[in-house]
Amino acid sequence: MKHIVIAGGGFAGIKLARKLRKQKDIRITLINDLEYFRYSPALYRAVTGFKIGIARLPIEWMLIDSDNVSVVIGRITDINRANKELKLEDGQKIDYDEVIFALGAANNYFGIEGLNEYSYGVKTVHDAIQLKVHIHNSLTQKAKVADENFVIIGAGPTGVELAGALGAYLIEVARKHKLKHHPVKIYLVEAGPRILPQMSEQASRKVSQRLAKLGVETLVNTAVQSETLSELKTSVGMIKSKNVIWAAGTQNNPFFKEHPEVFSLNKRGYVIVNKHLQVSPDIYVCGDNAATTYSGLAETAVRHANFIAKDIIARIHHTGRPKHYEKASMQVVPVGNRWSVFQYKTLVISGGLISVIRRFADIFGYTDVLGPIKALTIWANSDRFEDDCPICDKSQRYN
Ligand SMILES: Cc1cc2nc3c(=O)[nH]c(=O)nc-3n(C[C@H](O)[C@H](O)[C@H](O)COP(=O)(O)OP(=O)(O)OC[C@H]3O[C@@H](n4cnc5c(N)ncnc54)[C@H](O)[C@@H]3O)c2cc1C
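Because the structure is a prediction, the values reported are computed rather than measured. Starting afresh in each chain, residues are numbered from 1 along the sequence in its written order. Confidence filtering applies because this is a predicted model: local features only for residues at pLDDT of at least 70, side-chain atom pairs given and counted only at 80 or more, and all residues used for totals across whole chains, interfaces and linings. Here the side-chain values reflect all heavy atoms present in the structure, with hydrogen atoms and water set aside.

1. Remarks on the sheet that holds strand β6 (residues 76-80)
Pairs of strands are assigned from DSSP output, requiring at least two bridges between the strands. Only runs of H or I of at least four residues qualify as helices and only runs of E of at least two qualify as strands under DSSP, and these elements are numbered from the N terminus. One open sheet accounts for three strands, arranged β6-β7-β8; its pairing is antiparallel. Each edge of the sheet is formed by a strand with only one pairing partner; in this case those strands are β6 and β8 (93-95). The mean angle between the axes of side-by-side strands here comes to 25°, regardless of whether they run parallel or antiparallel. For β6 and strand β7 (residues 85-88), the ladder comprises four bridges, and the chain directions are antiparallel. From the neighbouring strand, I79 faces β7, where its bridge partner is L86. Angles here are taken between N-to-C directions and fall from 0 to 180 degrees, while the axes themselves are lines fitted to C-alpha atoms, restricted in helices to the stretch in contact.

Dropping the structure here:
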């Protein structure tokens, strides 16, 4: 029986395992370095007061109804192509007939001094928990006065979503703790000439206006140069802050660069794949790791997984292999409560209705990796507020 190994339990890895979990003629091992799956679209919500469980989903639970999948928790450090074997950090060796790499992207500080030490992150569940605790403490442990500067670096979707949600969260924490309320400044800093550079100029303009209404000050053409404990140095001057959040900078997972004998990379460090998303007949690479036009989005990772599942099944049953995995994805960016911008190709729509659609779209996002029943359970509870702080935690819905 063919042994398929899925390296990485993110959007692509979990979707692929779920697609193949009832296939009788293959055995699957899914390897992930963490026990949980990160639902990244909800991370900014987890930072700003909602339950962490909307972004952290146990992997075993996602595959509990599978007939042929074993889950191994461990970090893959090496591949031996000749022996068809992966090596894990703990020394374990796992052989494969075919392996699919879906290890996701990694953080990148571009070597900017001080960011690694002093800034907070928002890209992992661990980052989100740390940041939430920090935001809460920086407001409440300071002589009951909320007067801080919060600086978010990077005006891609992650930075914009967080900037849009942060103001309401700060007001909520301040209200619950009865803080004397001084206006808290939120800056969104972007090195490029406009925010949301991956979207159209029209979408970018609408979001700038929306952020301004929410009191977020957007600083474009502003390159971050260094950070100390209490200041951020930029190309246009200093900003005093102990609350700097790094939402910019991703790069490919370093695993691929470390194995040049197996993977060829493009100029940006992503893995060059053929029309089947393969680098060789027994190795696929997909999701954020692959150098494809639309990589970098969860929807693309899921599309790649569907494509590879079909390809594997077609090869087992000697039927025609699927042909196309490239398709533009829709993009929706929520900005504060009850307002989102939507873009598909050149169509841009924004407003409250889009926000409602965005919330419902999460049902599909969760369904991709959980199936419909578990997805609905998570989604139905995704407006619940949660905090370790006894004053804040009333487990009530957050508006
Ligand atoms: C904050 C944030 C918000 C986002 N919001 C959206 C959004 O709203 N919509 C959207 O379409 N996209 C969004 N994205 C992008 C989306 O998360 C990615 O495109 C998607 O996760 C890629 O899926 P993947 O399967 O390739 O990788 P991932 O989902 O990142 O999964 C990779 C998995 O591999 C594991 N792993 C890594 N290295 C190893 C190793 N050496 N050994 C074992 N396991 C390993 C990781 O822990 C992880 O579980 C967001 C990203 C971030 C950071």
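2. With respect to unusual backbone geometry
The residue N221 is not glycine, and still its phi comes out positive at about 50°. Mapped onto the secondary structure, N221 falls in the loop between β16 (216-219) and β17 (224-227). With a phi close to 65°, L277 is a non-glycine residue in the positive phi region. The residue L277 is located in the loop between α8 (254-257) and β22 (278-280) in this model.

3. Digging into the nonpolar core
By nonpolar core is meant a set of buried Ala, Val, Leu, Ile, Met, Phe, Trp, Tyr and Cys residues that side-chain atoms within 4.5 Å join together. Throughout this description, buried means an accessible area under 20% of the type-specific maximum (1.4 Å probe, protein chains only), exposed means over 50%, and partly exposed covers the range between. In terms of nonpolar packing, the biggest core is built from 108 residues, with F101, V160 and Y366 touching the most fellow members. The element best represented in this core is helix α6 (residues 157-176), accounting for nine residues. For the domain bounds, the source is a domain assignment made automatically or taken from a database. Two domains share this core, each providing at least three of its residues, namely domain 1 (2-107 + 251-317) and domain 2 (115-248). When residues no more than four places from it in sequence are discounted, the contact partners of Y366 are Y39, A42, I54, L57, G371, A375, I378 and W379. The contact criterion used throughout is that any non-hydrogen atoms of two residues lie within 4.5 Å.

4. Re the pattern of salt bridges
Salt bridge, as applied in this entry: a Lys or Arg side-chain nitrogen positioned within 4 Å of an Asp or Glu carboxyl oxygen. One pass over the full model with this rule turns up 20 salt bridges. Here E386 ties to K51 by a salt bridge, and the two come within 4.0 Å at their closest N and O atoms. Of this pair, E386 sits in the segment after α11 (372-380) while K51 sits in the loop between α2 (43-47) and β4 (56-58), and the two are 335 residues apart along the sequence. In this structure, E172 and R175 form a salt bridge, with 3.0 Å as the shortest nitrogen-oxygen distance. Residue E172 and its partner R175 are located together in helix α6, separated by three residues, close to a single helical turn. When its relative accessible area of 52% is taken as the criterion, R175 is described as exposed. Each of K2, E98, D311, R315 and R321 takes part in salt bridges that share partners, so that together they form one network.

5. Section: the domain arrangement of the protein chain
Parsing the protein chain into structural domains produces domain 1 (2-107 + 251-317) and domain 2 (115-248). With centres defined by C-alpha atoms, the gap from domain 1 to domain 2 works out at 32 Å. Between domain 1 and domain 2, the residue contacts involve 13 residues of the former and 17 residues of the latter. Buried area is understood as the total, over both parts, of accessible area removed when two parts are fitted together, assessed with a 1.4 Å probe. The junction of domain 1 with domain 2 conceals about 1200 Å² of combined surface from both sides, 71% of it contributed by carbon and sulfur atoms. Sorting the residues of domain 1 by area buried against domain 2 places Y44, V47 and T48 first, and these three jointly supply 47% of that buried surface. At the junction of domain 1 and domain 2, the tally comes to zero salt bridges. For the purposes of these results, a polar contact is taken to be a pair of N or O atoms within 3.5 Å, where, inside protein, one atom must be able to donate a hydrogen and its partner to accept one; residues adjacent in sequence count only when each atom of the pair is a side-chain atom. Where domain 1 touches domain 2, the interface holds three residue pairs in polar contact (both at pLDDT 80 or more). Looking at the side of domain 1 that touches domain 2, the elements that each hand over two or more residues are β3 (36-38) and α2. Examining the composition of the side of domain 1 that touches domain 2, we find that four residues originate from one element, α2, more than from any other.

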